[in-house]
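# Architecture and fold: a report
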Amino acid sequence: MRAAERLFAESGYDGTSIRAIVAKAKVNQAAINYHFDGKDGLYREVLRVAFRALTEHQLEHAEELRSMSREEALSQFVRRQLQSLLGRDEYSRHMRIFNWEAVQPTTVFRDLVAEEAAPFVGLAADLVRRFMPEAEQRTVTVAAVWLLGQCSVFVRNREQLAQPPVGLVLDEAAVEWLAATISHWVVWGLRAFRTN
């Protein structure tokens, strides 16, 4: 799994061969076929681990968020999403894999997201619904996706944003400031929403 994760992060799904994975992991191809049913199954498991690493902590605290004020819950939700900015190697590999998917989407990824993303998007939708109780479901869903996007643009582009011309410093204090700023803007935007 680790060898495959590293190679998929470096070269994407299409650029990674079973032969390269087998050589890096020092296993035979039969082991991959037996345990994962081939390259697609292995990639699916790498994606599942990466996706859960980014969402699991949020889902574990869903009940806690429900007991907070809507503003505090949203702030915690944003803060937890941005915590991955402080991670190094593992999160960085996960983000590179997801960036490959943005450029060269695979059926494996689309299928996994259809299955795995529902609880996480649902949590975001629940938070949004607290600000927009009268909104139709389509509006809530779009707002939830928008909320997720406010953080993912920083998480997915961490390495590029740290370089010039942006030069974003991503230490604990900066991530805390970023979380507070995004939360403030999101709360302001959701409060301003009016149903027609």
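Structure report, in brief. Everything numeric here is computed off the predicted structure, so don't read it as measured data.

### Here we look at the environment of Phe 131
- As for its placement among the helices and strands, Phe 131 is situated in helix α8 (residues 107–131).
- Residue classification places Phe 131 among the buried positions, given a relative accessible area of 7%.
- For Phe 131 and Gly 41, which are 90 residues apart along the polypeptide, the C-alpha to C-alpha distance reads 40 Å.
- For Phe 131, the residues in contact, after removing those within four places along its chain, are Arg 70, Glu 71, Leu 74, Val 187, Leu 190 and Arg 191.

### What to know about helix α3 (residues 29–36)
- The N-cap of α3, judged by a side-chain oxygen 3.1 Å from the amide nitrogen of Ala 30 a few residues on, is Asn 28.
- Following α3 by one or two positions, Asp 37 adopts a phi angle in the positive range, close to 60 degrees.

### Quick notes on the side chain of Arg 93
- As for its placement among the helices and strands, Arg 93 is situated in helix α7 (residues 89–103).
- Overall, Arg 93 belongs to the buried group, its relative accessible area being 14%.
- At a separation of 2.8 Å, a polar atom in the side chain of Arg 93 contacts the side chain of Glu 5.
- Non-local contacts of Arg 93, meaning those with residues more than four positions away in its chain, are made with Glu 5, Arg 6 and Ala 9.

### Things to note about the nonpolar core
- Phe 77 and Leu 82 are the most contacted members of the largest nonpolar core, which has 55 residues in total.
- It is α8 that contributes the most residues to this core, eleven residues altogether.
- Discounting chain neighbours no more than four positions away, the residues touching Phe 77 are Gln 58, Leu 65, Phe 120, Leu 123, Ala 124, Leu 127, Leu 147 and Leu 148.

### As for the packing of helix α6 (residues 70–82) against helix α11 (residues 172–192)
- Running from N to C, α6 and α11 point in directions that differ by 135 degrees, and their axes come no closer than 9 Å. When the axis of α6 is compared with that of α11, the two are oblique. Two packed elements cross with a definite hand, and for α6 against α11 that hand is right-handed. Where α6 abuts α11, its residues Arg 70, Glu 71, Leu 74, Ser 75, Val 78, Arg 79 and Leu 82 lie against Val 175, Glu 176, Leu 178, Ala 179, Ile 182, Ser 183, Val 186, Val 187, Leu 190 and Arg 191.
- Along the lines of polarity and charge, the residues of the contact of α6 with α11 split into ten nonpolar, two polar and five charged.

Thresholds applied
Residues numbered from 1 in each chain as written. Predicted model: local features only at pLDDT ≥ 70, side-chain atom pairs only at ≥ 80, totals over all residues. Heavy atoms only, no water. Helix = DSSP H or I, 4+ residues; strand = E, 2+ residues; numbered from the N terminus. Buried < 20%, exposed > 50% of the residue type's maximum accessible area, 1.4 Å probe, protein only. Contact = heavy atoms within 4.5 Å. Polar contact = N/O pair within 3.5 Å; in protein donor to acceptor, adjacent residues only side chain to side chain. Core = buried A, V, L, I, M, F, W, Y, C linked by side-chain atoms within 4.5 Å. Axes fitted to C-alpha atoms, helices over the stretch in contact; angles between N-to-C directions. Parallel < 35°, antiparallel > 145°, perpendicular 65-115°, else oblique. Left-handed = near helix turned anticlockwise from the far one by under 90°. Nonpolar A, V, L, I, M, F, W, Y, C, P; charged D, E, K, R; others polar.

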